[in-house]
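# A look at the structure
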Amino acid sequence: MLRTLLRSLTALLLTAAAAFALAPAAHASPQAASIQAADPSTTGSYPIAYTDLTVSASGRSYSARVWYPGTTAGADAPVAAGTHPGLAFGHGFFQAITQYESLLKHYASWGFITVAPKSQGGLFPSHSAFADDLNAALTWLTTQNGTTGSRFAGAVDTSRLAVSGHSMGGGAALLAAARNPAVKSVSTLAAAETDPSAVSASGALSIPAQYVGGSADSIAGVAGNQQKMYDAKPSPAQLRVITGGFHCGFEDSSGLGCDSGTITRAAQLKLTYGVTTAWLLYTLGADTSLYDQVWGSAAQNLAGVVYSAKP
């Protein structure tokens, strides 16, 4: 009898110990798995769709390509169910929007409806007009959201609008954000000083602004451009400098007059996907679980990227 009781007690204690050891892990694992699974440098879950059209809004009219989350991949597919953040992206000086296809497709896979204007592509672009074109893209998206029969009817989260761009387009994005209270976040790549000044526009912004640059950029170097913009910007702001990154490394290929760095294009683009997608999703309130990848230790200790921030 005593032996039976001892066996029962031993089994009970072992079961309790196992439950105690496993309970914290079981409690923590869903959250930990969610954070670890959210890697914005990898392709998102949405099929990637696009359409070519004419944007007409706010007295502006131009050709554009729109990349967006679809029900299926490919041209002119229906938009995926739900509402999605809107983004306007500005190309660099004398650069075609096709140079940014992989980046814009990446954003679409994470749920962004991104309008890429083909305007201001000549040798004598107007930075101010380009900023107006970016804002017109967001106005157009807002209008389309409420237009019966539009591909984007009911598909745009008009409370989550952002601007972005590369080089000249990055500077124009800052000008656009300073003019448009509907813009809630800005992310720029190798942003170049513009006329009017993107540095001055940064100083006037109260919304979150991100400046991503490359340490080996010999065209719109960090010290003469993004650092000045970041220094002028009140919080919240961050400067992310990719070690060895180069100006044309933010594009899919290099053309005449491009520079080079000590990092591969593929590595630079992957880092760019991660830091910019996390920034846009978090600062627009679309995914608050990404705090650590924007302001926390994951951002501060990301290999290959120097981090400066004003949370």
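Attention here is on the structure that accompanies the text. These numbers come from a predicted model, not from an experiment.

Our next topic: the pattern of salt bridges. Counted by the stated rule, this structure contains six salt bridges. Of the charged contacts in the structure, one is a salt bridge between E101 and K105, with a shortest N-O distance of 3.9 Å. Placement of both E101 and K105 in helix 2 (residues 101-109) is noted, with a separation of four residues, approximately one turn of the helix. Its relative accessible area of 28% is what places E101 among the partly exposed residues.

Another point: the packing of aromatic side chains. In total, this model carries eight aromatic pairs according to the counting rule given. Taking 6.0 Å as the distance between ring centres and 70° as the angle between the ring planes, the aromatic pair formed by W140 and F152 counts as edge-to-face. Of the two residues, W140 is situated in helix 3 (residues 127-145) and F152 in the loop between helix 3 and strand 6 (156-166); the sequence distance between them amounts to 12 residues. F152 shares its class with W140; the two are buried. With 5.5 Å between their ring centres and 65° between their planes, W279 and W295 make a pair best called edge-to-face. Of this pair, W279 sits in helix 7 (residues 265-283) while W295 sits in the loop between helix 8 (291-294) and helix 9 (297-300); the two residues are 16 residues apart in sequence, bridging distant segments of the chain. Take W279 and W295: they sit in the same class, and that class is buried. Taken together, the ring pairs in this structure connect Y68, W140 and F152 into an aromatic cluster. Sitting over the face of the ring of Y230, K310 holds its NZ or CZ atom 4.5 Å from the ring centroid.

Attention shifts here to the pairing of strand 6. The buried count for strand 6 comes to eight of 11 residues, which makes it a mostly enclosed element. In the sheet, strand 4 (residues 84-90) pairs with strand 6 via seven bridges, with the strands oriented parallel. Along strand 6, the bridge assignment pairs A88 with V163. For strand 6 and strand 7 (residues 183-189), the ladder comprises six bridges, and the chain directions are parallel. Residue pairing in the sheet places V163 in a bridge with V186 of strand 7. In this fold, strand 6 hands off to helix 4 (residues 168-179), which returns the chain to strand 7; that crossover is right-handed.

So, how was this worked out
- Residues numbered from 1 in each chain as written.
- Predicted model: local features only at pLDDT ≥ 70, side-chain atom pairs only at ≥ 80, totals over all residues.
- Heavy atoms only, no water.
- Salt bridge = Lys/Arg side-chain N within 4 Å of Asp/Glu carboxyl O.
- Helix = DSSP H or I, 4+ residues; strand = E, 2+ residues; numbered from the N terminus.
- Buried < 20%, exposed > 50% of the residue type's maximum accessible area, 1.4 Å probe, protein only.
- Phe/Tyr/Trp six-rings, centres within 6.5 Å; stacked < 30°, edge-to-face > 60°.
- Lys NZ or Arg CZ within 6 Å of the ring centre and 35° of its normal.
- Pairing = 2+ DSSP bridges.
- Right-handed = clockwise from strand over helix to strand, strands pointing away.

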